[in-house]
Amino acid sequence: MNPHPIIEQLTEIVTKNKLTEKIFVVPSHRDGQLVIQALARAGQPVLNVKVKTFMDLALELIKPIMKKADYKQMPHQIGKQYIFSELQKLKADKQLNYFNSVQLTPAFSQAVYQAILDLKQARVSVKTFPKQAFLKQEKGEDLYKLFHAYEQKRQENRLLDTADIFELAMQQPVDPKKQSLYIFFPHEAYYRIEKEFFLHYTKGEEVVALDFPAVLGVEPLPTMLPPSKNIQSHHPFGFLYQIENAPSEPDLALKAAISEDEEIHGVFRELKNKNLPFDQSVIFYTSGRPYVESVLRFVQKQKLEDCVTFAEGVPVNLTKPGKLIKGVFQWIRENYSVKMLAKLIREGCISLNQIELSGEKVIELLQDADIHWGKERYLQKLNEKMADLALKIKEDPSNTRAVQKLERYKQLEKWLIPWMERFEGDGTWSSISYKQWLIALKDLISVEDNSKNALNTSAKNQLIEAITEVEHLADGDMTLGEALNDTEQWLMKLTVGASMPKPGHLHISPHRIGLYLDRPHVFIVGLDNGRFPGRQKEDPILLDLERKVIHPEMTLGREFVKRNFYLFVQLLLTTKGHVQMSYPFMDTVENRRSAPAHIFLQAYRLLTRQPSVTGEELALALQGDVHFIQKEATNILHESEWWAKQVWDNSQLDKDVLNEEAFLHLRQAESAREARRNEVFTEFDGRVEYDHDKLDPRKNEQLTITTSKLEMLGTCPYKYFLKHILYVEEDQIEEYDMYSWLKPQARGSLMHEVFERFYERLKEVKQKPQVEQHLDLIIEIADQVLSFERESNPPPSEIIYLLERQEILESCAVFLKAEEEASGEGDPLFFEFNFGIRGQDPATIDLANGESIRLSGKIDRVDRLKNGLYAIIDYKTGSSYGYTEKAYFNGGRKLQHSLYALAFEKLFAHQNAQVSSSTYLFPTLKGQGERIVRKHNDDEKQQFLTIVEHLCDLLAKGHFPYTDAADDCKFCDYKIVCQRHTYEEEVLAKKHEEETASGALRLKEVRSYD
């Protein structure tokens, strides 16, 4: 077994200095604790040891001074906020030159703030600010202004950043501790100020600097302190780049996987099959995303959360409190959309314990209130709904349904008022107090109960702590949008649940902090060339050329890749058992192949002793045995893999499996699938049995039928069955679209109202419509209706309102021109003529054999013609698709013109009213005022009545076949339910021709009427 190079050095030092106080100077406390644990496991007594970081040593010197002078450590977010405020001020005062055209985003503020911190840690001050070091003089001047303002603001608030703490510490005398031994651990990245502080602190003290072992062919990193002793390693991985000199082959397995999830599954498969103890194993990842999420998802599904520790925790947005905050941010950005709020409720992020309503009931009430989006609409629409229900109860106190619903709305109001009042501003443009915004977020997190889950509780506490730290020092105002972006930029970067390795737990860690993690079974994932060793990153504010001029020891951006690679190689040298390295060969997002990282290829060359192997040969060797379906039962980890194997092995499920009671639903699905493949018309194709008379409008006098129902039945009986027999509802949640305002239905209603008001005004003055005379009038009316609509349904922005207003006004002009051309034919008599609704009697239409049906509907307009006859006008604000001069009934799909004509004649039979024509008018820019006229005569009336008879026969028989035309399915909301498109057209045709399929024969009869 290969010894750990750092532990080996420490063992020698600790053995020689048992009674001496030993101070481990480490990059992080984690490293120190891991080293002490590793020494203990190796049987090395660890006495008189303290673990210190540079910051620990500095604070030891200055804590009394800080307390006496009332200095406090500056939270990172407050420093960034100072920079953001100063950038805004300088830009507003036009004092920025180089950065004047840059958009002031939280990310940009963060970059500038980090540049200022880097300058300070290179010991740059206001007095020594190196303006001449920058490639552009204007850039140096802008940064100097920001640097100076930041220092002034920091001093006014008595705050110290990291560099200030080290500077202050270096001003203090250090008492020599001649009996202490400082053991310096390698720091792969350090600041000038840290080095100079440590040299100041340990002046005259004994310091032993540990060393990383050399790797042949790999350039070492620059060291902060020269090592006390250079060491060599005989580990096989030390010869990665001198394969011919390797003393032995490494204990190594190389794997490829289809995706990142499959990589993680592969690791757990190895743990399971080899029965490896969790607390002897570690998973290292090269990139936290998506591997941490993948591991978390797997262990949650397998209920193994309590058996895994994460070195850096998990992203806060994977916890319920994090999802709540992120969801609220998205909710506000989507203009407070009900859809986003419903998603938060369904995911359990919002608790409703204070009211007696389920989450689904709350969502149902919010949707029923017709809110959709807009902060001010929530309580406004809620109050409208409650007032409407109160009126119904007043008119009919026995209306128990209204009473129950009103009580539910009162419960909803009880929760909704404090929920909405928590957030300042009406939109992302509103100016708010940053401090009050943070208080609102903290309050939001505090009221949610996540105590049942340790990770959620940890997230809740950490979020509150982070916000509290910033909240006390936050000041000033900003727009809500800026607050959202700024808070999200730092709050959503938090990780929660970070933990040291624990007994009995599998440990998950990034490779860069794994040098001292002493476990024999090592799994390394994410070794594709897109992730490792990463891409060269140069600071956009402080360029590498500028950094070299400022100070030769400033960390350069291009060193990131080199440092990442070097740490990985050092990690390999610490392994003392089996190592498994893997990479995903498919980028499932981009749907393209990924190549292995170069170090993965080099490891394969070392393992096979073939220095000339290419990446293509490696991929071919590893990917041949990669698949989603597990061949061996022992490799199956979860239920979905078991199901996949069943289907793959047999192409169908075993009958023994289907016969189990738990899989009754699968047997039913199998029966349905077989019936659909069969040529017989069955219940799975729309053939049902029920109380036929109850749903036949000819038999049930309580039923009224509408135009939309008849036309749906004539278009696709199966859709009618789903919607009006089974009551399958379409998803009514609307998407918030910041680039549009009025939905088609709302736009149609608005234009109908404009046209009605316009004609009412013309009737008052007894005038005919004329473009030249009445264009201003119709525009005035349109603006009035638009203003009213705008109050109850605010547009997403002023520009969108103006664009849609212009389109509506142009449509009004189209309407006016069309009406002027047709004004000689007659005069408008009725507008929005209702029958069978709003308390009006239905129209009764007589059929054959003394039967009749009752109709309800609303006619847009009825004109009286000069010859004493009547004409029906129906406004269509959509396109004229499906309406032609020739297709009078369009195979039963267009029946409104005949239905309304017969209804009007019946209702005015006492006046011997006769309708000579019906007109579909398309008064929009899209429709260009087109008029499609349907002339009425006795033959067409009889055809219409025959169509109605056939359609009623469908209801009576209980046969609801699919439409016989695939074009009817193009814009159907029920495609995912009916699955007509999965049928073979030949099978479908035979089902419709089957001798007992009388419904299909009736539909065929209807189609003959074009």
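Residues numbered from 1 in each chain as written. Predicted model: local features only at pLDDT ≥ 70, side-chain atom pairs only at ≥ 80, totals over all residues. Heavy atoms only, no water.

1. Structural notes on unusual backbone geometry
Cis geometry is found at the peptide bond from arginine 289 to proline 290, where omega equals 10°. Position of proline 290 relative to the elements: it lies in helix H10 (residues 288-301). Phi angles above zero are rare outside glycine, and aspartate 70 is one such case at about 60°. Relative to the helices and strands, aspartate 70 is located in the loop between helix H3 (54-69) and strand S3 (72-73). A relative accessible area of 44% means that aspartate 70 is categorised as partly exposed. Even without a glycine there, the phi angle at lysine 94 is positive, about 55°. By the element assignment, lysine 94 lies in the loop between helix H4 (76-92) and helix H5 (106-121). Classification of lysine 94 by relative accessible area gives exposed; the value is 73%. (Helix = DSSP H or I, 4+ residues; strand = E, 2+ residues; numbered from the N terminus. Buried < 20%, exposed > 50% of the residue type's maximum accessible area, 1.4 Å probe, protein only.)

2. Brief notes about H5
Helix length check: H5 (16 residues) gives 22 Å between terminal C-alpha atoms against 22 Å at 1.5 Å per residue, within 8%. Counting buried positions along H5 yields 13 of 16 residues, so the element is predominantly enclosed. (Expected span 1.5 Å × (residues − 1).)

3. Thoughts on the nonpolar core
Core analysis: the biggest nonpolar cluster contains 114 residues, and Trp331, Tyr378, Trp415, Trp419 and Trp437 have the highest contact counts within it. Here the element with the most residues in this core is helix H15 (residues 400-421); it accounts for eight residues. With near-sequence residues (within four places) excluded, tryptophan 437 lies in contact with Phe329, Ile332, Glu424, Ile432, Leu480, Ala483, Leu484 and Thr487. Formed by 64 residues, the second largest nonpolar core is a distinct cluster that contains Val215, Leu252, Leu572 and Ala603. (Core = buried A, V, L, I, M, F, W, Y, C linked by side-chain atoms within 4.5 Å. Contact = heavy atoms within 4.5 Å.)

4. Focus: the packing of aromatic side chains
Think of a pair of aromatic rings as described by two things: how far the centres are apart, and how the planes are tilted against each other in angle. Taken as a whole and judged by the stated rule, the model has 52 aromatic pairs. On the basis of an interplanar angle of 25° and a centroid distance of 5.4 Å, the ring pair of tryptophan 415 and tryptophan 419 is categorised as stacked. One end of the pair, tryptophan 415, and the other, tryptophan 419, are both in helix H15, four residues apart, so they sit about a helical turn from each other. Of the residues examined, tryptophan 419 reaches a relative accessible area of 3% and is grouped as buried. Taking the centre distance of 6.5 Å and the plane angle of 40° together, the rings of phenylalanine 833 and phenylalanine 835 count as tilted. Here phenylalanine 833 falls in the buried class, since its relative accessible area comes to 14%. In this structure an aromatic cluster arises from ring pairing among Phe830, Phe833, Phe835, Tyr870, Tyr900, Phe904 and Phe908. A cation sits over an aromatic face here: lysine 131 above tyrosine 144, 4.3 Å from the ring centre. Above the ring of tyrosine 801, the side-chain terminus of arginine 790 is found at 4.1 Å from the ring centroid. (Phe/Tyr/Trp six-rings, centres within 6.5 Å; stacked < 30°, edge-to-face > 60°. Lys NZ or Arg CZ within 6 Å of the ring centre and 35° of its normal.)

5. Comments concerning the sheet that holds strand S6 (residues 206-209)
With respect to topology, four strands assemble into an open sheet ordered S2-S1-S5-S6, the strand pairing being parallel. Looking at the sheet topology across the chains shown, the edges are occupied by strand S2 (49-52) and S6. The average undirected angle you get between the axes of adjacent strands in this sheet is 25°. One ladder, built from four bridges, connects strand S1 (residues 21-25) with S2; its direction is parallel. Bridge pairing links valine 25 to lysine 52 in S2. Packed on one face of the sheet, helix H2 (residues 29-41) meets S1 and S2 and runs near 150° to S2. (Pairing = 2+ DSSP bridges. Axes fitted to C-alpha atoms, helices over the stretch in contact; angles between N-to-C directions.)

6. Observations concerning the sheet that holds strand S15 (residues 521-525)
Paired through their backbone hydrogen bonds, the strands of a sheet run either parallel or antiparallel. The parallel open sheet is built from six strands, whose spatial order is S7-S16-S15-S8-S14-S9. The sheet terminates laterally at strand S7 (252-257) and strand S9 (308-310), the two strands that pair on one side only. Taking the axes of each pair of neighbouring strands and ignoring which way they run, one obtains an average angle of 20° across the sheet. In terms of strand pairing, strand S8 (residues 281-285) meets strand S14 (residues 506-510) through four bridges, oriented parallel. By the bridge assignment, valine 282 is partnered in S14 with histidine 507. Against the sheet, helix H22 (residues 615-623) touches S7 and strand S16 (579-584), its axis set at about 85° to S7.

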